[in-house]
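The chain contents come next:
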Amino acid sequence: MQRLLEGYARFRRDVFPQHRDRFRLLAERQQPDVLFITCADSRVVPDLILQTEPGDMFLCRAVGNIVPPHGSMPGGISSTIEYAVEVLHVRHIIVCGHSDCGAIKAVLPPDPADPRDHRQVPRLPLTTKWLGYIEPAWKYLPPGTSHDDHRALHTALIRANVIAQLENLKTHPEVARAVAHDALQVHGWYYDILTGAVDAYDSGQRSFVALEEWAERQGAGSRK
Ligand SMILES: [Zn+2]
């Protein structure tokens, strides 16, 4: 807590005054272009990774960057999406998974090579139910994914879960409508904590590529 209090003091003293004009503009309205949906994991800091500032992104965080399909659970995630699309008219929704995601690890069989791999989830009934939304991810694993290499399977399932949650996202009627009208694009990302690199899902190629390469492909596509 001490660290938070010191940070707050620094913010009020050094940071806020430098951005006073921006905060004055933001005080009465926001107009973010992006809804960023990611895991609650403390190691994923979107504003740091993307160097964004207050007002740039509408954020939605939940364990496993899960987006329950429409109608299954009227809750915080669904209403955040609805508000972002219908009221804020965001142009992009990004669903971002990350390396070493504990939510995905929890649905894998225990790793025999990892003595610290103690399963907590059976004692967490709400979490167990929530992690049920990861189940569809298994069908998006690339063909031939080995189930013997625990680490590789973990990473593959994290990426597959991004695809599964993107599909869930598209079941929300306001999202489907905005996408159909070309008013909205949805994107799937994977963030690697160790390297800081982001990969993006290329739905045409059904694979993840470096974000820079993805952007180049998009540019080439729009120039055609
Ligand atoms: Zn996570």
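Going by the structure above, here's the rest.
These numbers were taken from a predicted model, which means no experiment stands behind them. (Residues numbered from 1 in each chain as written. Predicted model: local features only at pLDDT ≥ 70, side-chain atom pairs only at ≥ 80, totals over all residues. Heavy atoms only, no water.)

Visitor: Just checking my understanding: could you explain the overall build of the chain for this structure?
Guide: When helices and strands are tallied, the chain shows nine helices and six strands. Here the C-alpha atoms of the chain give a radius of gyration of 19 Å, agreeing with the 17 Å that 2.2 N^0.38 yields for 224 residues. Seen along its three principal axes, the alpha-carbon backbone of the chain occupies a region of about 55 × 55 × 35 Å. In the chain, buried positions account for 38% of the 224 residues. Summarising the internal contacts of the chain: among those between residues at least 6 apart in sequence, 64% fall at separations of at least 24. Total accessible area on the chain stands at roughly 13,700 Å², and carbon and sulfur atoms take up 54% of it. Within the chain, the 27 negative side-chain charges are centred at a point lying 3 Å from the centre of the 25 positive side-chain charges. (Helix = DSSP H or I, 4+ residues; strand = E, 2+ residues; numbered from the N terminus. Rg over C-alpha atoms; globule rule 2.2 N^0.38 Å. Buried < 20%, exposed > 50% of the residue type's maximum accessible area, 1.4 Å probe, protein only. Contact = heavy atoms within 4.5 Å. Areas by Shrake-Rupley, 256 points an atom, 1.4 Å probe, with all protein chains shown as cover. Lys, Arg positive; Asp, Glu negative; His and termini not counted. Charge placed at Lys NZ, Arg CZ, Asp CG, Glu CD.)

Visitor: I tried to follow the pairing of strand β3 (residues 92–98) on my own but got confused; where do I start?
Guide: Burial of β3 is extensive: six of the seven residues sit out of reach of the surface. Here five bridges tie strand β1 (residues 34–38) to β3, and the two strands are oriented parallel to one another. Bridge pairing links L35 to I93 in β3. One ladder, built from seven bridges, connects β3 with strand β4 (residues 185–191); its direction is parallel. Bridge pairing in β4 links I93 to V186. (Pairing = 2+ DSSP bridges.)

Visitor: I tried to follow the side chain of D202 on my own but got confused; where do I start?
Guide: With respect to the helices and strands, the residue D202 is situated in strand β5 (residues 198–202). D202 has contacts with S207, W214 and R217, leaving out every residue within four places of it along the chain.

Visitor: Honestly, the pattern of salt bridges in this entry has me stumped. Any pointers?
Guide: When the charged atoms of two side chains with opposite charge come close together, those side chains can pair. Throughout the structure, instances matching the rule amount to eleven salt bridges. Where E53 meets R22, a salt bridge forms, and the shortest distance between an N and an O atom there is 3.5 Å. With a gap of 31 residues between them, E53 in the loop between α3 (46–49) and β2 (57–61) and R22 in helix α2 (residues 20–26) connect regions that are remote in the sequence. Note that E167 is salt-bridged to K170, the shortest N-O span being 3.2 Å. Here the residue E167 and the residue K170 both occupy positions in helix α7 (residues 150–170), the gap between them amounting to three residues, near one helical turn. Taking the relative accessible area as the measure of exposure, E167 reaches 34% and is therefore partly exposed. The exposure class of K170 is partly exposed, given its relative accessible area of 36%. Members of the salt-bridge network, linked through shared partners, are R22, E53 and D56. (Salt bridge = Lys/Arg side-chain N within 4 Å of Asp/Glu carboxyl O.)

Visitor: Help me out: how do you make sense of the packing of aromatic side chains in this one?
Guide: A ring pair, where both rings are aromatic, is described by two values, the distance of the centres and the angle of the planes. Summed over all chains, the structure comprises seven aromatic pairs. Plain terms: the ring middles of F16 and F23 are 5.0 Å apart, the flat faces sit at 15° to each other, and that makes the pair stacked. Look at Y201 and F208: their rings are 5.2 Å apart centre to centre, the planes differ by 50°, and that puts the pair in the tilted class. The burial state of Y201 is the same as that of F208; both residues are buried. When the ring centre of Y190 is taken as reference, the NZ or CZ atom of R159 above it lies at 4.3 Å. (Phe/Tyr/Trp six-rings, centres within 6.5 Å; stacked < 30°, edge-to-face > 60°. Lys NZ or Arg CZ within 6 Å of the ring centre and 35° of its normal.)

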